[in-house]
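Structural overview
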Amino acid sequence: VQTVEKLMGIEVPERAEYLRIIMAELQRMASHMVGVGTNSADLGGLTPFLYTLRDREKILDLFEMTSGGRMTINMPRIGGIIEPPEEFWPALRRFIDEVPAMIEEYNGIITGNEIFHARTKGVGILTKELAEELGVTGPILRGSGVKWDLRKDVPYGIYDRFDFDVPVGEAGDCFDRYYVRIREMEESAKIIKQAVKDIPEGPTFAKVAKVIKPPAGEVYHRVENPRGELAFYLVSDGSTKPYRLRIRGGTFVNIQVLSRIVPGWKFADLIGILASLDI
């Protein structure tokens, strides 16, 4: 949506920009909940996975209120975003208020678990240099100590208005890749809280023609997805369909680190390393 808007020079209303950020950060939290939960489950700890799925359901409820869908959601449109119903806002505030207790619970049953430490600390180390060489992005890159986040370094939308930190790891091991996601959930909650406080009244859609015909030209746009950089390269010939469209997903690029960091470890460690990549 933002790629097409960039090509067409569409200015999105303020309220829509705030709503997009709220939804994007909710989705980041939902994704990380699955990421840290499955990480634990893959290493034999099933209970934390049930806890994270329980909490993720609250986010999916918020999505369902707005889009009608829970996992296959489609709220943004070229020029704006769907306006949530009235019941969305108190439910969102309740969820954000509960986040610190959720994180404390994850830290109690996963982060501080000595078995989880034994399986993740010092295992599958991805050095800062190798991560940069392979073009890794997202929590995996930050887990290796590289402080790079498109929301901060190449801001899009209105992310430059928000106060939040970019968590990074030190060792670049399975534990750091896990813990970066835990801390990112805290930062997402912080962003949402600011957005809810500052969101203005007003329309959520710009005036856009019903039939979208971008001018001939090309555009490249990227955003910070839960798993890394999500980018679209779009070429328009002036018609209603793209002449060329190329999608750059974070996971596909990130998975290539396996062949470089797995040699020398045991098969059981391979499971943990793969889990830490959150494919």
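Refer to the preceding data block for the structure.
Reference entry: report on the structure contained in this document. (Residues numbered from 1 in each chain as written. Predicted model: local features only at pLDDT ≥ 70, side-chain atom pairs only at ≥ 80, totals over all residues. Heavy atoms only, no water.)

Considerations on helix H4 (residues 88-111)
Maximal helix bending in H4 amounts to about 35°, located at Val-99; proline Pro-100 follows within four positions. Taken as a whole, H4 has its buried residues at Phe-88, Trp-89, Ala-91, Leu-92, Phe-95, Ile-96, Val-99, Met-102, Ile-103, Tyr-106, Ile-110 and Thr-111. For H4, the elements touching its buried residues are helix H2 (14-42), helix H3 (46-67), helix H5 (114-120) and helix H9 (174-198). (Bend = angle between axes of the 7 residues up to and from the residue. Helix = DSSP H or I, 4+ residues; strand = E, 2+ residues; numbered from the N terminus. Buried < 20%, exposed > 50% of the residue type's maximum accessible area, 1.4 Å probe, protein only. Contact = heavy atoms within 4.5 Å.)

Focus: unusual backbone geometry
The phi dihedral of Asp-278 is positive, around 55°, even though this residue is not glycine. Residue placement: Asp-278 occurs in the segment after helix H12 (267-276). Overall, Asp-278 belongs to the buried group, its relative accessible area being 5%.

A few points about the pairing of strand S4 (residues 228-236)
Counting buried positions over the nine residues of S4 gives seven, a clear majority of the element. With nine bridges joining them, strand S3 (residues 217-225) and S4 adopt antiparallel strand pairing. What sits directly across from Val-223, in S4, is Leu-230. Linking S3 to S4, which pair antiparallel, is a turn of two residues. Sheet topology places S4 next to strand S5 (residues 244-248); five bridges connect them, and they run antiparallel. In the sheet register, Val-235 faces S5, and the bridge partner there is Arg-244. (Pairing = 2+ DSSP bridges.)

Observations regarding the side chain of Glu-17
Position of Glu-17 among the secondary structure elements: in helix H2. Arg-20 provides the closest opposite charge to the buried, salt-bridge-free Glu-17, at an N-O distance of 4.8 Å. For Glu-17, the residues in contact, after removing those within four places along its chain, are Val-12, Gly-157 and Ile-158. (Lys, Arg positive; Asp, Glu negative; His and termini not counted. Salt bridge = Lys/Arg side-chain N within 4 Å of Asp/Glu carboxyl O.)

Some words on the environment of Gly-138
With respect to the helices and strands, Gly-138 occurs in the loop between helix H6 (128-134) and helix H7 (139-143). For Gly-138, a relative accessible area of 1% gives the class buried. A C-alpha to C-alpha distance of 9.3 Å links Gly-138 and Thr-251, two positions 113 residues apart in sequence. Leaving out residues up to four positions away in the same chain, Gly-138 has contacts with Glu-224, Arg-227 and Gly-228.

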